[in-house]
Amino acid sequence: MYTNDYLTSDESGYYSSTSNRNDACLRFIIIRHGERVDNTYGLGWTRQAFNPAGQYYAFDANMPPTLPSRINWLEYELDTPLTLNGLQQSWNVGNILAQQNIPIIACYSSPAIRSIQTADQILGGLGQKMHIPIRLELGLFECSSWYAQLPINFMSYMELINSGFNIDTQYRSHLDNLPPLENEYEYYKRSKETMKKLIKLYKKRGGTILIVAHAPSLEVLTRHLMDEQPRPAQLFDLAGQVNYCGMTIVDRDPFSKSWQFRYSFDEQVNRQQQFNNALYSSATVNYRPRSLFSNLT
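Residues numbered from 1 in each chain as written. Predicted model: local features only at pLDDT ≥ 70, side-chain atom pairs only at ≥ 80, totals over all residues. Heavy atoms only, no water.

Caption draft 1: Spotlight on the UniProt feature "binding site: substrate" (unreviewed entry) in the chain. In the numbering adopted here, UniProt assigns the feature "binding site: substrate" (unreviewed entry) to Arg114, Glu142, Cys143, Ser144, Ser145, Trp146 and Tyr147. Residue position: Ser144 is located in the loop between strand 3 (134-136) and helix 6 (157-162). With relative accessibility at 12%, the residue Ser144 sits in the buried group. Apart from residues lying up to four places away in sequence, Ser144 is in contact with Leu178, Pro179, Pro180, Leu181, Glu182 and Arg190. Looking at Ser144, its side chain comes within polar contact range of the main-chain oxygen of Pro179, at 2.7 Å. Within the fold, Trp146 resides in the loop between strand 3 and helix 6. Taking the relative accessible area as the measure of exposure, Trp146 reaches 23% and is therefore partly exposed. (UniProt positions renumbered as here; feature names shortened; annotations may be inferred. Helix = DSSP H or I, 4+ residues; strand = E, 2+ residues; numbered from the N terminus. Buried < 20%, exposed > 50% of the residue type's maximum accessible area, 1.4 Å probe, protein only. Contact = heavy atoms within 4.5 Å. Polar contact = N/O pair within 3.5 Å; in protein donor to acceptor, adjacent residues only side chain to side chain.)

Caption draft 2: Region of interest: the pattern of salt bridges. Inspection of the entire model under this criterion finds eleven salt bridges. We note a salt bridge from Glu137 to Lys197, for which the minimum N-O separation is 3.8 Å. Separated by 60 residues along the polypeptide, Glu137 in the loop between strand 3 and helix 6 and Lys197 in helix 7 (residues 184-202) bring together distant segments of the chain. When its relative accessible area of 21% is taken as the criterion, Lys197 is described as partly exposed. A single network of salt bridges, built from pairs that share partners, joins Arg70, Glu75 and Asp79. (Salt bridge = Lys/Arg side-chain N within 4 Å of Asp/Glu carboxyl O.)

Caption draft 3: Representation of the packing of aromatic side chains in the model. Applying the stated criterion across every chain yields a total of twelve aromatic pairs. Their ring planes at 75° and their centres at 5.3 Å tell us that Tyr108 and Tyr171 sit as a pair that is edge-to-face. Pair noted here: Tyr108 is in strand 2 (residues 104-109) and Tyr171 is in the loop between helix 6 and helix 7, with a separation of 63 residues, a long-range link. Using a relative accessible area of 0% as the deciding quantity, one classes Tyr108 as buried. According to the relative accessible area criterion, Tyr171 is buried, its value standing at 8%. Between Tyr108 and Tyr202 the ring centres are 6.2 Å apart and the planes differ by 80°, which places this aromatic pair in the edge-to-face class. Of this pair, Tyr108 sits in strand 2 while Tyr202 sits in helix 7, and the two are 94 residues apart along the sequence. Above the ring of Tyr76, the side-chain terminus of Arg70 is found at 4.6 Å from the ring centroid. (Phe/Tyr/Trp six-rings, centres within 6.5 Å; stacked < 30°, edge-to-face > 60°. Lys NZ or Arg CZ within 6 Å of the ring centre and 35° of its normal.)

Right under this line is the structure:
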């Protein structure tokens, strides 16, 4: 059980108030990372990919040809990277954004390497990798209790930079530490506060913000924007229905301050079967979801 304090009356004007008509058009593209190695090859994949000295070998054509260098390669077991398919899927998303002339002004990523790689590839497909740094936001990571038995150690700024990622080292995350053993409802609340921070940063300036995170992020970052209560008991199952590089797009009207969903989480779940083969199949790298980007410029 949880107390009904997710949507509070004192926040009612924060998202949809008609006051202060000087705000600009604001859009968030929230996307799940690409295909991950551990889901493709199973737990223990690192024992096949690394020798005792820590040297990496791609043992399958869909394995990434190289991996970012980190001090302890064993940490890849939990902080899993993308497959070759996942890297190409992610680049294709950026390429489509570029073709549709959708200008990204900022990029935020979960500190998980699979999300960072996805963000990096999307920015590469956009031709913006060296112009838009990735801002690592701990508040975008998944529910901490899902990793209670085996906590993840993320790559350091130095490891990421040495591996060629354009990381914004000046950005300070909304959270310094994840709350230990948070439940799903607390995860919703933490995600809402993270989203509030980003809205506050950009509601005057406007623009399109790219957020790269995890499957449940499409739900937990936007549920409050719909004036809906969280669904903690369903969250794990709902997240399991989000495909690699699945996304939701939300726009904030500068006058009414209301949010419009170009492609919502529930629409994605309801239409999953329709899109599985054509748009989001992890077996193909020809990811071209043009219908999602039509009329967005």
